[in-house]
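Survey of secondary and tertiary structure
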Amino acid sequence: MSTSIQVLGEERPFFHLRTATTSVVLRVGPFGHLEQLWWGAPLGGEGEGWPSADELAALWHPVSEDFAQTTHYSTTSDSSFALAKTPLAWATLGKGDPRVPGLRVREHQVLDATYVRHEVRPGLVPAPGLPRLGSEERSETLVVTLADRVAGLEVDLFWTTFPLSGVLTRRTVVRNTGAAALTLEHVASLVLDLAEPDVDVLTLDGHWLSEAHGTRRPVGLQQVVNSTTLGTSSDRHNPGFLLPARGASETHGECWGVNLAYSGSHWSSIQGDSGGMVRVVAGLNPDGFAWSLAPGEQFCAPEAVLAHSSSGLNGVSASFHRFVDDCVVPAHWRRRERPVVLNNWEGTYFDFDADVLVQMAERAAELGVETFVLDDGWFGERHDDQRALGDWHVNTDKLPGGLGALAERIAEHGLAFGLWVEPEAISPNSDLFRAHPDWAITTPGRTPSQGRHELLLDLTRPDVRDHLVETLGSLFDSAPISFVKWDFNRAISDADEAGFHHRYVLGLYDVLGRVFGPRPEILLENCSSGGSRFDLGMLTFGPQVWASDCTDPAERLAIQHGLSLLYPPSTISAHASDSPNHQTDRVFDLAFRCDVALPYVFGIELDPRAMSEQDTRLLTERIAWYREHRAVLQFGASRRTDHPANLPQLARVGDEHAIAFAYATYVRPRQPSPRLVIPLGGQRVGLSWPFAAREDETLPGAAARAGILRSGRQHDTSAEVVHGRRLREQ
Ligand code: DGJ
């Protein structure tokens, strides 16, 4: 008996998919089109059973009057049926639906796929070659197959339920069932019509050093496109976005969310329609995409991920977070606490040798750091960022005994060892390039453009991928390496072949799977000049991402806030760095620098040998506190409030404890004093200060009930951290 998917009726079935926080209802329409009757709050549920077919049919009332200019689908039977007035879960082309389609095929300007069959399967059905998501115990997959016999193709639409986190995933497979080759020019992972005209769209936009800044605007009749053509999921526009009902806040109102388990050029379109619907189409970027499909072949689009909540943006984030922690990150790292690292990049840049690193490790050990991560500059003739990428052998002038000897010396101080690599890149000035110039991405007759003095290896070539798998495998096995930072510092250019970006990303997934699959205990931290590949695809290979090259804490507040809409704290790598800050030259006290990074995966990125005694004491205290509470900081429920951007507040809520953080940055003249509100989502806590003597004191009941602690300070850049035991409900 199905637990999260119900199928009602035979000839024209209804499909009801239900999780803890949402229902999706689909129906086969009068002419076989797959209709999207509902995506919103769960229907029925605990104790109430499943709604009947009549109740489901009542969910959608089509616009009764015809629009002028309406194309009627059929003149022989139901002459009033028009695709333009029908909410759809898969779109047609050239049959009267004016909205954005999900499929384009070069050989056909009319596409009309209708219902053929369906099946419900246990668990998730993985898409070959694409990021492998896990499933929940009661996950099920509905596969609906549509066919267009004239064009000679079938479309399989997969929906998988994740009943506990509340999430649903959705993907598309297109099969050539005809006798002639087809050229796919656009295959969306997701097409749906949301029967909710008054929504906003909140995208995460930015650039290097300034990723994931939220932009919220109303959805209207103009199309909003959230996309990138760079070959990465990009720091410009994260693939994930939210659709909050107009007026919805962090804690109140309906909110929908969409993300993609994909790391390359993506594209989503959100557009209102005069019929009272909003069409959402999401998937690979059709720009520069073409895929030839011989008879019998199929193409798999990546998974789209859907979440809905009736309790504001926090509710959607909660579903995404639980899903990522339980089903996305590699099995070995699910709910496993991440170590506190020292990364030497901002402490030394390229200027180090083994003795310097060991001295840093010794000091780091005294501070309570657990893993030492050696960043760029340890290999080949790499003395600056202009050479040697590809030459992945240790520079023995800098590290005489090699990586093994260095790791051993670092281990003597009790620290594990991690290593930086940028394997997809190749410097024109490298032994690898001199030996294999044809391995770089180039176009005949054109001089390839460089980014950060780099070219990229052509990961669509099996021989290049094999080289990387062998080189990296033996590198990571050559020393006790427990942590790898995988960097990628430029966009794809000079690929004069439609579909190249997607092929490249499939090649990348192949390499990552073959390198890290057999080494599950290595903690892979992804990085792409910071957050240029902060996406669910990369998170299936490594459980955390270096969120930004900007370590200015005031800037980081906005970046981390934006990312937290879609990604849990356990995935967001955040380091306290030096002051003045290296990117902005602004000065911040160490307490603030730490307190901004503490609610995430905390680390440090400075030279600990150069710290004052006072700072050393403070950092030691903070790290000890972090290690004690990191289970709740990394995996506790995450909550945000609706405070102004320069006065953000957030909390982590565990079974026993809750910790709240309130910040003030660059307060405006006469800006009202913020109250510290503990955003616990209706739960009460007892509160105490972590760094003062009043460890066990709880606040008076009334204040705790209201969740209000006291007025916050109004200094430029200050932080209050409040830690409390949760009280039982009365
Ligand atoms: C860019 C990364 O984002 C930095 O953290 C650092 O690893 C440098 N690359 C090293 O070249």
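Bear in mind that the values here come from a model prediction, so they are computed numbers and not experimental data.

With that settled, the discussion passes to the site of the ligand. The environment of the ligand is made up of 13 residues, and the closest members are Asp-375, Asp-376, Lys-485, Asp-487 and Asp-549. Within the contact set of the ligand, a nitrogen atom lies 2.7 Å away from a side-chain nitrogen or oxygen of Asp-487. A distance of 3.4 Å separates an oxygen atom of the ligand from a polar side-chain atom of Trp-546. Taking 300 Å² as the accessible area of the ligand by itself, protein coverage stands at 97%. Partitioning the shell around the ligand into residue classes produces 4 nonpolar, 3 polar and 6 charged.

The strand order around the closed barrel formed by 8 strands is E21-E22-E23-E26-E27-E28-E29-E30, and the pairing between neighbours is parallel. For this sheet the average axis-to-axis angle between neighbouring strands, irrespective of direction, equals 30°. In this sheet, strand E29 (residues 572-577) lies alongside strand E28 (residues 544-546) in parallel orientation, the contact comprising 2 bridges. Bridge assignment links Trp-546 to a residue of E29, and that residue is Ser-573.

Going through the model one piece at a time under the given rule, you end up with 25 aromatic pairs. Relative to Tyr-504, the ring of Phe-488 has its centre 6.4 Å away and its plane inclined at 40°; by these criteria the two rings are tilted. With a gap of 16 residues between them, Phe-488 in the loop between strand E26 (481-486) and helix H8 (500-516) and Tyr-504 in helix H8 connect regions that are remote in the sequence. Pair check on accessibility: Phe-488 and Tyr-504 agree, each one buried. Ring centres 6.4 Å apart and planes at 35° place the aromatic pair Phe-500 and Tyr-504 in the tilted group. You can see Phe-500 and its partner Tyr-504 sitting in helix H8, 4 residues apart, about one turn around the helix. The buried category is assigned to Tyr-504, whose relative accessible area is 0%. Aromatic rings pair up to connect Phe-588, Phe-592, Trp-625, Phe-661 and Tyr-663 into one cluster. Here the guanidinium or amino end of Arg-170 rests over the ring plane of Trp-159, the centre of that ring lying 4.7 Å away. Of note, Arg-171 hangs over the ring of Phe-158, and the distance from its end group to the ring centre comes to 3.9 Å.

Let us now look at the sheet that holds strand E4 (residues 34-40). Judged by pairing direction, the sheet is antiparallel, and its 4 strands sit side by side in the order E1-E2-E3-E4 without closing on themselves. Each edge of the sheet is formed by a strand with only one pairing partner; in this case those strands are strand E1 (5-8) and E4. Neighbour to neighbour, the strand axes of the sheet diverge by 15° on average, direction disregarded. Here 6 bridges tie strand E3 (residues 23-28) to E4, and the two strands are oriented antiparallel to one another. Note that in E4 the partner of Ser-23 across the bridge is Gly-40.

In this section: the state of the cysteines. Overall, the coordinates contain 0 disulfides when judged by the stated rule. Here Cys-550 is not cross-linked by a disulfide; its sulfur's nearest cysteine counterpart is in Cys-527, at 13 Å.

We now examine the environment of Gln-271. Along the polypeptide, Gln-271 turns up in strand E16 (residues 266-273). Placed 10 residues apart in sequence, Gln-271 and Val-281 show a C-alpha to C-alpha distance of 9.0 Å. Contacts of Gln-271, omitting those with residues within four sequence positions, involve Val-100, Val-219, Gly-220, Leu-221, Gln-222, Gln-223, Met-277, Val-278 and Arg-279. In terms of polar contacts, Gln-271 uses its side chain to reach the backbone carbonyl oxygen of Leu-221, at 2.9 Å.

Across all of its chains, the model carries 40 salt bridges by this definition. Two residues, Asp-97 and Arg-99, come together in a salt bridge whose shortest N-O distance is 2.8 Å. A relative accessible area of 8% means that Asp-97 is categorised as buried. Where Asp-97 meets Arg-279, a salt bridge forms, and the shortest distance between an N and an O atom there is 3.0 Å. With Asp-97 in the loop between helix H1 (53-57) and strand E5 (103-105) and Arg-279 in strand E17 (residues 277-284), the pair connects residues that are 182 residues apart, well separated along the chain. Taken together, the shared-partner salt bridges connect Asp-97, Arg-99, Asp-193 and Arg-279 into one network.

A separate point is the pairing of E29. Most of E29 is tucked away, with 6 of its 6 residues classed as buried. Of the two faces of E29, the one carrying Ile-572, Ala-574 and Ala-576 and the one carrying Ser-573, His-575 and Ser-577 are both buried. In this fold, E28 hands off to helix H10 (residues 553-564), which returns the chain to E29; that crossover is right-handed. With 5 bridges connecting them, E29 and strand E30 (residues 601-605) associate as parallel partners. Across the sheet, the residue bridging to Ser-577 is Glu-605, located in E30. Assessed by its sense of winding, the connection that carries the chain from E29 through helix H11 (residues 590-597) to E30 is right-handed.

Our focus in this paragraph is the packing of helix H4 (residues 354-367) against helix H5 (residues 402-411). Put simply, H4 and H5 touch, their axes get as near as 9 Å, and they point 25° apart. It follows that H4 is roughly parallel to H5 by the angle criterion. Handedness of the crossing formed by H4 with H5: right-handed. Seen from H4, the contacting residues are Ala-354, Asp-355, Leu-357, Val-358 and Ala-361; seen from H5, they are Leu-406, Arg-409 and Ile-410. For the contact of H4 with H5, the per-class residue count stands at 6 nonpolar, no polar and 2 charged.

As a further point, take the packing of H11 against helix H12 (residues 613-635). Two elements in contact, H11 and H12, have axes separated by 10 Å at closest approach and are oriented at 20°. Viewed along their axes, H11 and H12 adopt a mutual orientation that is roughly parallel. As H11 packs across H12, the resulting crossing turns out to be right-handed. Here Leu-590, Ala-591, Arg-593, Cys-594 and Asp-595 of H11 come into contact with H12, specifically with Asp-615, Leu-618, Leu-619 and Arg-622. Classifying every residue of the contact of H11 with H12 by side-chain character gives 5 nonpolar, no polar and 4 charged.

Turning next to the pairing of strand E9 (residues 168-176). Consecutive side chains along a regular strand alternate between the two faces of the sheet. Within E9, 9 of the 9 residues are buried, which leaves it mostly tucked inside the rest of the structure. Neither face of E9 is open: one carries Leu-168, Arg-170, Thr-172, Val-174 and Asn-176, the other Thr-169, Arg-171, Val-173 and Arg-175, and all of them are buried. Relative to E9, strand E8 (residues 153-161) runs antiparallel, the two being bridged by 9 bridges. If you follow Phe-158 over to E9, its bridge partner there is Arg-171. Adjacent in sequence and paired antiparallel, E8 and E9 are bridged by 6 residues, among which Gly-166 carries a positive phi angle near 95°. Relative to strand E20 (residues 304-309), E9 runs antiparallel, the two being bridged by 3 bridges.

Rules used in this analysis
Residue indices begin from 1 for each chain and proceed along its sequence in written order. For a predicted model such as this one, the threshold for reporting local features is a pLDDT of at least 70, and the threshold for listing and counting side-chain atom pairs is 80 or more; totals across whole chains, interfaces and linings nevertheless cover every residue. Heavy atoms from the whole structure form the basis of all side-chain values; hydrogens and water molecules are not counted. We define proximity as follows: a residue is near a molecule or strand when any one of its heavy atoms falls within 4 Å of that partner. N or O atoms within 3.5 Å of each other form a polar contact, as long as, within protein, one can give a hydrogen and the other can take it, and as long as residues adjacent in sequence are counted only when both atoms are side-chain atoms. Note on areas: Shrake-Rupley, 1.4 Å probe, and residue coverage restricted to the protein chains presented here. Polarity classes work like this: nonpolar for Ala, Val, Leu, Ile, Met, Phe, Trp, Tyr, Cys and Pro, charged for Asp, Glu, Lys and Arg, and polar for all others, with Gly in that last group. What makes two strands pair is DSSP finding at least two bridges between them. Secondary structure elements follow DSSP: runs of H or I of four or more residues count as helices, runs of E of two or more count as strands, with numbering from the N terminus. To define axes, lines are fitted to C-alpha atoms, for helices over the stretch in contact only, and angles between the resulting N-to-C directions are given on a 0 to 180 degree scale. Side-chain rings of Phe, Tyr and Trp (the six-membered ring for Trp) are treated as a pair once their centres are within 6.5 Å; stacked means planes under 30 degrees apart, edge-to-face means over 60, and tilted covers the remaining angles. Relative accessibility under 20% of the residue-type maximum defines a buried residue, over 50% an exposed one, and the middle range a partly exposed one, all with a 1.4 Å probe and only protein chains included. A ring has a charge above it when a Lys NZ or an Arg CZ is no more than 6 Å from the ring centre and no more than 35 degrees off the ring normal. To count as a disulfide, a pair of cysteine sulfur atoms needs to be within 2.5 Å. Any pair of residues with heavy atoms lying within 4.5 Å of one another is described as a contacting pair. Counted as salt bridges are all cases of a side-chain nitrogen of Lys or Arg within 4 Å of a carboxyl oxygen of Asp or Glu. The path from the first strand over the helix to the second decides the hand: if it runs clockwise while the strands point away from the viewer, the crossover is right-handed. For classification purposes, angles smaller than 35 degrees are called roughly parallel, those larger than 145 roughly antiparallel, those between 65 and 115 roughly perpendicular, and all remaining angles oblique. What makes a crossing left-handed is the near helix being turned counterclockwise from the far one by less than a right angle; a clockwise turn instead makes it right-handed.

That's the geometry; what it means functionally is another story.
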